[in-house]
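Letter by letter, the chains look like this.
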Amino acid sequence: MTGGLEARLARVVEPALAGMGYELVRVQVSGTRTPTVQIMADRADGALIGVEDCEAISHAVGAVLDVEDPFSGEWNLEVSSAGIDRPLTRTKDWLRFAGHVATVELLVPQDGRRRWKGRILAADENEVRLRLDEGGEAVIPRDTIRRAKLVLTDELIAATATETAGEPGDAEEADEQPRRKPHAKRN
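The structure presented is a predicted model; accordingly, all values stated were derived computationally and were not measured.

Cut-offs applied
Residues numbered from 1 in each chain as written. Predicted model: local features only at pLDDT ≥ 70, side-chain atom pairs only at ≥ 80, totals over all residues. Heavy atoms only, no water. Core = buried A, V, L, I, M, F, W, Y, C linked by side-chain atoms within 4.5 Å. Buried < 20%, exposed > 50% of the residue type's maximum accessible area, 1.4 Å probe, protein only. Helix = DSSP H or I, 4+ residues; strand = E, 2+ residues; numbered from the N terminus. Expected span 1.5 Å × (residues − 1). Bend = angle between axes of the 7 residues up to and from the residue. Contact = heavy atoms within 4.5 Å. Phe/Tyr/Trp six-rings, centres within 6.5 Å; stacked < 30°, edge-to-face > 60°. Lys NZ or Arg CZ within 6 Å of the ring centre and 35° of its normal. pLDDT = per-residue confidence, 0-100. Patch = residues over 30% accessible without salt bridge, like charges linked within 9 Å, V, L, I, M, F, W, Y side chains within 5 Å. Areas by Shrake-Rupley, 256 points an atom, 1.4 Å probe, with all protein chains shown as cover. Salt bridge = Lys/Arg side-chain N within 4 Å of Asp/Glu carboxyl O. Polar contact = N/O pair within 3.5 Å; in protein donor to acceptor, adjacent residues only side chain to side chain.

S.K.: So what exactly am I meant to see when it comes to the nonpolar core here?
M.R.: Proteins that are soluble and globular tend to have nonpolar side chains buried together. The biggest cluster of nonpolar side chains holds 19 residues, and the ones touching the most others in it are Val37, Ile39 and Ile57. Secondary structure elements with two or more residues in this core: helix 1 (4-19), strand 1 (22-30), strand 2 (36-43), helix 2 (51-68) and strand 3 (75-81). Among the nonpolar cores identified, the runner-up in size contains 18 residues, and Ile120, Ala138, Ile140 and Ala148 belong to it.

Structure below.
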């Protein structure tokens, strides 16, 4: 994220999350009449996010965004964990899930196609390398990726269960709060 509203909001909320022991996975804004800001986060210690975590994040991020005042009217805030079939937004996510299947949608077609699916072989800040389902490999520049996410497979479920054995369950969308811009501001 380099520019635009989502990138600006990410830069604003990231320090608050980090101070609480969380990492920002993604900020997504949808809707125009009553926008919804979706915050997806992970715990920095790798444990699963629970309902209490989402509530704490919602209160902290809501306060930060109320000060930032990103919208002229009413808006909503949703906070969730990344989940098992999570979006792949950070290099560390691509590397953590190397060997697992991902789908990638591009901003512009590459080699005549916009959608790719394959096993993650490698990634760095500039590109991702996949072993394609139909054979061969693809090297995809990261700045051309519109969205990417893991594909829910038995292998992924087993790997995730092994990583998080004994930890509390996560909450996909545990907290949603409507927000309103104050009608009158004091000078």
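S.K.: Whenever I open this one, helix 1 confuses me. Can you help?
M.R.: Structural remark: α-helix, 3.6 residues per turn; residues separated by three or four positions point the same way. In this model helix 1 runs 24 Å from its N-terminal to its C-terminal C-alpha over 16 residues, within 8% of the 22 Å that 1.5 Å per residue would give. The axis of helix 1 is deflected most strongly, by about 35°, at Val13, and proline Pro15 appears within four residues downstream. The set of residues buried in helix 1 consists of Ala7, Leu9, Ala10, Val13 and Leu17. Residues of helix 1 that are buried in the fold lie against strand 1, strand 2 and helix 2.

S.K.: How should I be thinking about the packing of aromatic side chains in this particular structure?
M.R.: Given two aromatic rings, one states the distance between the centres and the angle between the planes to describe the pair. Throughout the structure, instances matching the rule amount to 1 aromatic pair. Stacked on the ring of Trp116, the Lys or Arg Arg113 has its end atom at 4.0 Å from the ring centre.

S.K.: Help me understand the confidence of the model for the protein in this model?
M.R.: Low pLDDT marks regions whose predicted coordinates should not be analysed in detail. Residue-level pLDDT values for the protein average 85, and 84% of them are 70 or greater. Across the protein, the secondary-structure element scoring lowest on mean pLDDT is strand 9 (residues 173-179), at 48, and the one scoring highest is strand 6 (residues 127-132), at 97. Within the model, the stretch residues 166-175 combines pLDDT values under 50 with 32 contacts to residues more than four positions away or in other chains.

S.K.: Where do I start with a nonpolar patch on the surface in this structure?
M.R.: On the surface, Ile84, Leu152 and Ile157 cluster together to form a nonpolar patch covering roughly 240 Å² of accessible area. With respect to the helices, strands and loops of the structure, Ile84 is situated in the loop between strand 3 and helix 3 (91-96). For Ile84, a relative accessible area of 32% gives the class partly exposed.

S.K.: What is the right way to read the side chain of Thr144 from this model?
M.R.: Looking at where Thr144 falls in the secondary structure, it is placed in the loop between strand 7 (137-141) and strand 8 (145-150). Residue class for Thr144 comes out buried when judged on its relative accessible area of 18%. A polar contact of 2.7 Å, which involves the side chain of Thr144, links it to the backbone oxygen of Pro141. Once residues lying within four places of it in the same chain are set aside, the contact partners of Thr144 are Glu105, Leu106, Leu107, Val108 and Gln110.

S.K.: Got a minute to help me understand the side chain of Thr36 in this structure?
M.R.: Mapped onto the elements of the fold, Thr36 is located in strand 2. If near-sequence neighbours (up to four positions away) are discounted, Thr36 is found in contact with Gln28, Val29, Ser30, Asn76 and Glu78.

S.K.: Looking at this structure, how should I read the pattern of salt bridges?
M.R.: Two side chains that carry opposite charge are able to pair once their charged atoms sit near each other. Taken as a whole and judged by the stated rule, the model has 16 salt bridges. Linking Arg146 and Glu105 is a salt bridge whose minimum nitrogen-to-oxygen distance equals 2.7 Å. Note that Arg146 is positioned in strand 8 and Glu105 in strand 4 (residues 101-110), a separation of 41 residues in sequence. Judged by its relative accessible area of 47%, Arg146 falls in the partly exposed class. When its relative accessible area of 14% is taken as the criterion, Glu105 is described as buried.

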